[in-house]
Amino acid sequence: MSVFIELKLLVTIVALTVGLAHTEPQDELYNFEWIGYNTNLDDPKYRLLDNVQPLQISVDLDVYLEESRFNGIVQLQVQVRENLTQIVLHQNVVSIEEVSVLDANQRPVSLQIPNPFTIDRYYEIVTINFASEIVPGTYIITVNYKGRINENPHDRGLYKGYYYKNNEKRYYATTQFQPYHARKAFPCFDEPQFKCPFTITITRGANLRPSFSNMAIAYTNVLPSGRVQERFYPTPVVSSYLVAFHVSDFVSTNSSGTVQKPFQIISREGPTNQHSYAADIGFKITEIMESYFNISYYEMGQGRAMKNDHIALPDFPSGAMENWGMVNYREANLLYDQQNTNLPDRINIAAIIAHELAHKWFGNLVTCFWWSNLWLNESFASFFQYFSAHEAEPWLELDDRFILDRVQSALSGDASASIQPMNWSSVADNPSITAHFGTSSYAKGASVLRMLEHFVTPVVFRNALRYYLKDNAYGIGYPTDMYAAFRRAVSEDPTFATTFQGIDIGTVFDGWVQNAGAPVVEVNVNMTSGLVSLAQRRFQISGTPRNDIWQIPISWTHGDSPNFQSTRPTYVLTQRTGSVQKPVGTSWVVLNIAQSGFYRVNYDSQNWGLLAAQLRSNKEVIHKLSRSQIVNDVLFFIRAGQISIPVAFDVLSFLAKETDYYVWNGALTQLEWLHRRLKHLPAAYDEFTAYLLELVDEAVKQIGYDDGANDSASTIQQRMQILNFACNLGHQGCIDDSLAKWNSFRTQNTPVQISSRRYVYCVGLRNGNASDYEFLFQKYNTSENTADMVVMLRSLPCSKNQASVEHFLYQTMHSDKIRVHDRNNAFSYALQGNSENLQTVLNFIFKNYAEIRETYGGAVRLSNSLSALSGFLTDFEDIVKFQSWLYENQIAIGESFSTGVSVVNTAVNNLRWGNNVAAEIYSELQSRSSAATVMTSLSVVILALAAKFVF
């Protein structure tokens, strides 16, 4: 191990040296030059002060798509609120050629000579220097500049994508400006607080079809050169990150909506027959939200009709983007093919459309002041993406799915000691802005909103949102504005004050916004007195949590009179401890009915035992979503060491008879995590594999292998998830059925049913040879449905033929059929598909990391690829191998080195965790095994490992 100590010391010295060298460029000189200047530049210099406000902005772009460039003129009418000697704008264009300024009377304003303007590439700003101080008033700034159409979509701004038609490669250009990329297309005030109307003009080649932007085209002009100029109507008051435009030969369809309320789907020519589902459900969702918020979407244009366009893009760095009037999507998130799109992807289409439409009210109409309060935009969009889509298509069961996708996902994220709060005041620069687009702003915020809806009732909740939107329309919103709206709505409900005396809804809300993490409520039941004692603390997987307090709305029921229908809380836990009263006697208690609140629950051993007995005897007494929470909580408590192994497995034992999708979904990811932590200990791993196979066997028998005509959405999803899990475990029935379907597909071209393709394809390749891989790769290359292509892409590396796996990895770098946003998942797919691929994946990274970084789209993509390794480095020798490569190539690896270090640390911690619990889990499973087994000494296994694993 001494070599690693020496390497780490070297790393520390090099990192310190690099850190000293990498100060902000010319920082001291830069500060010196600002002394005595009146400016609108804030501190830190990434931000602008509000003493200069945009009133309206015109952007005129002359776009040369084939050459990946454009010429631009931006004209900004601004209101100056105090005497200034400088005005600063955000910019990140290729070059600024000329800047001029006029006052309100159209008179030129003199600029400093020399240096009328200066560029700062580090902070991405341009400073306009005046010859003398200017006074408050209205000014017009005109900037002539040159820009690039980025060829890497991950660079965002105005970027270039491609597609094939009849083997001809065609190009398009589109925008992705959130959160700070509008400045790559035009100099501007590139922060959400600065809102004004934008007028966009696009000049393009005549060989292209009409362009798209936020608003409809006002007029078209053919220039003497033959090029076409299109000017769009002015937008409503909007932030720069929501401005959008698109230049291509794409086509549109209008199969839903009305003349007064148009709803348009836009794509490349090939998949226009995949437009109708998005058009139908999207228009329904629009009308549902208009009714709910009592604000018409189509009247948001401030005197001009709003468009409702939705564009499917072959290449898109984000999942979708809520640009007002022109929403961008990855193709898989908008296009639906009944013959090839599976149910989860159909659900995804409905939910993402609803998410982006919800933003028209939360984000576009009312915008968060700064990215630290991104939750004011994203939490509401994440909430309504489920509940408005559920109203539009109840069969999808999106209301219940919210628990899995949002609540349990957010609780998982909040179990980390490093998770951010919803309001993250540290957001100050571009990296921290990007970091805040995560679990806290989306899933956690949505989960808190759902808890509050149950707390104050749906009607009061809706009224609060209507007040917030009406009072702040076309402006910016602060958390205090949201709290005020809730206080107003709650004050109109006399039952709240009597039921929850002394409770201020704004204070309750703010506690969840400001506190990082999520609480666990610990429950101790005195069966003799009926007193149910409650205590709260922050739940963390590891480390010592902060001593935070939440005001937790508590819903609960008990075994004497179970009631899982009423989810409105009856008690608020405002202090560290509290209590409720149940009838005297031995009966269980369940808190957080149907997981309607955002907290975990850990019971005393006796209550856990009573729940385990109830679940085994008649699980249906307990709501399926509460059962889902129970198994999810128990598995996290195992990881955190906050429940005894015998108690935990006693509770989980009911899964052997459980068949519900929601319950199993709450368990599967964590069961897989536990399983992988034992991989380096063969006896424990084999015992746990046998346990899992026994656990899923009844679910497999009950669900069957084929979809039925009358299956519910959750039944189909249960079949998909349980058979995928069972096949990966080696369940023979699942493998036999999958191979039969695969062979029929290969030999007779009989399509595999849509819901089975992911695991059938994988089993076929895992049990096949290179020809099976080549067959599926050919299907991938000729498919017209992006969602089905992703299913095939993740199945290709299931092959055990390592030459095929290597071919797959090289294709992710060089095949333009594999989209740049899919390349990022290549290593996850290869490792999930077949654990035997690890050595091939490692060697591929070692040889090609520089090319991966380039072809995948930058250092962040290399870092993401390395991150995939942490869960699969399950042998100490492999960790050492990876660490040796990492330190030997530290300088060349660059900023991805720190990610590699995290991978090593995570992998070592995973091994340590497995070693610490393996003996107890092994012993517990042996004691529960229905078959007699010969005891294997696990201590021998651990000692063998310890001989080469130094902690």
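Treat the numbers as computed from the prediction; the structure is a model and nothing was measured.

Draft legend 1. Looking closely at the sheet that holds strand β25 (residues 531-538). Across the sheet, which stays open at both edges, the four strands sit in the order β29-β25-β24-β31 with mixed pairing between neighbours. Taken across any chain shown, the strands that pair with only one partner, and hence form the sheet edges, are β29 (577-581) and β31 (600-603). Taken over all neighbouring pairs, the strand axes of this sheet differ in orientation by 25° on average, direction set aside. Seen against the sheet, helix α13 (residues 605-618) touches β24 (519-525) and β31 and runs at an angle of roughly 105° to β31. Where helix α14 (residues 624-640) meets the sheet, its contacts fall on β24 and β31, and the angle it forms with β31 comes to roughly 75°.

Draft legend 2. The side chain of lysine 360, seen in detail. Residue position: lysine 360 is located in the loop between α4 (343-358) and β22 (367-368). Summary of buried charges: lysine 360 has no salt-bridge partner, and the nearest side chain of opposite charge, glutamate 356, is 5.6 Å away. With sequence-adjacent residues up to four places away left out, lysine 360 is seen in contact with Tyr297, Met300, Glu322, Asn323, Trp324, Gly325, Val327 and Leu365.

Draft legend 3. Summary view of the state of the cysteines. Across all of its chains, the model carries two disulfides by this definition. Disulfide pairing is shown between cysteine 727 and cysteine 734; the S-S distance is 1.9 Å. Across the disulfide from cysteine 727 to cysteine 734, rotation about the S-S bond amounts to roughly -95°, and the bridge is consequently left-handed. With respect to class, cysteine 727 is no different from cysteine 734; both count as buried.

Draft legend 4. Highlighting the side chain of histidine 355. Topologically, histidine 355 is positioned in helix α4. Residues contacting histidine 355, with those up to four places away along its chain left out, are Glu378, Ala381, Ser382, Gln385 and Tyr442.

Draft legend 5. Quick peek at the nonpolar core. Among the nonpolar cores identified, the biggest contains 310 residues, and Phe186, Ile638, Leu869 and Phe882 are the most heavily contacted of them. The greatest single-element share of this core, amounting to 12 residues, is contributed by helix α30 (residues 897-928). In this structure, leucine 869 is in contact with Leu831, Leu838, Val841, Leu842, Ile845, Phe882 and Val903, ignoring residues within four places of it in sequence.

Draft legend 6. The packing of aromatic side chains, seen in detail. Per the stated rule, a full pass over the model turns up 60 aromatic pairs. With centroids separated by 5.4 Å and ring planes inclined at 85°, the aromatic side chains of tyrosine 386 and phenylalanine 402 adopt a geometry described as edge-to-face. One end of the pair, tyrosine 386, is in helix α5 (residues 375-392); the other, phenylalanine 402, is in helix α6 (residues 398-414), and 16 residues separate them in sequence. Accessibility assignment for this pair places tyrosine 386 and phenylalanine 402 in one class, buried. Geometrically, the ring pair formed by tyrosine 887 and phenylalanine 897 is edge-to-face, given 5.4 Å between the ring centres and 90° between the ring planes. A residue pair is termed long-range when its members are at least 10 positions apart, and tyrosine 887 in helix α28 (residues 876-888) and phenylalanine 897 in helix α30 qualify at 10 residues. Residue class for tyrosine 887 comes out buried when judged on its relative accessible area of 11%. If you follow arginine 227 out to its NZ or CZ, it ends over the ring of tyrosine 64, 4.0 Å from the centre. Directly above the ring of tryptophan 673 sits arginine 677, whose terminal nitrogen or CZ lies 4.8 Å from the centroid.

Draft legend 7. Structural detail: the pairing of β31. Neither face of β31 is exposed, since Arg600 and Asn602 on one face and Val601 and Tyr603 on the opposite face are all buried. Note that β24 and β31 share four bridges and pair parallel. Each residue of the ladder has a partner; that of valine 520, found in β31, is arginine 600.

Calculation notes
Residues numbered from 1 in each chain as written. Predicted model: local features only at pLDDT ≥ 70, side-chain atom pairs only at ≥ 80, totals over all residues. Heavy atoms only, no water. Pairing = 2+ DSSP bridges. Helix = DSSP H or I, 4+ residues; strand = E, 2+ residues; numbered from the N terminus. Axes fitted to C-alpha atoms, helices over the stretch in contact; angles between N-to-C directions. Contact = heavy atoms within 4.5 Å. Buried < 20%, exposed > 50% of the residue type's maximum accessible area, 1.4 Å probe, protein only. Lys, Arg positive; Asp, Glu negative; His and termini not counted. Salt bridge = Lys/Arg side-chain N within 4 Å of Asp/Glu carboxyl O. Disulfide = S-S within 2.5 Å. Core = buried A, V, L, I, M, F, W, Y, C linked by side-chain atoms within 4.5 Å. Phe/Tyr/Trp six-rings, centres within 6.5 Å; stacked < 30°, edge-to-face > 60°. Lys NZ or Arg CZ within 6 Å of the ring centre and 35° of its normal.

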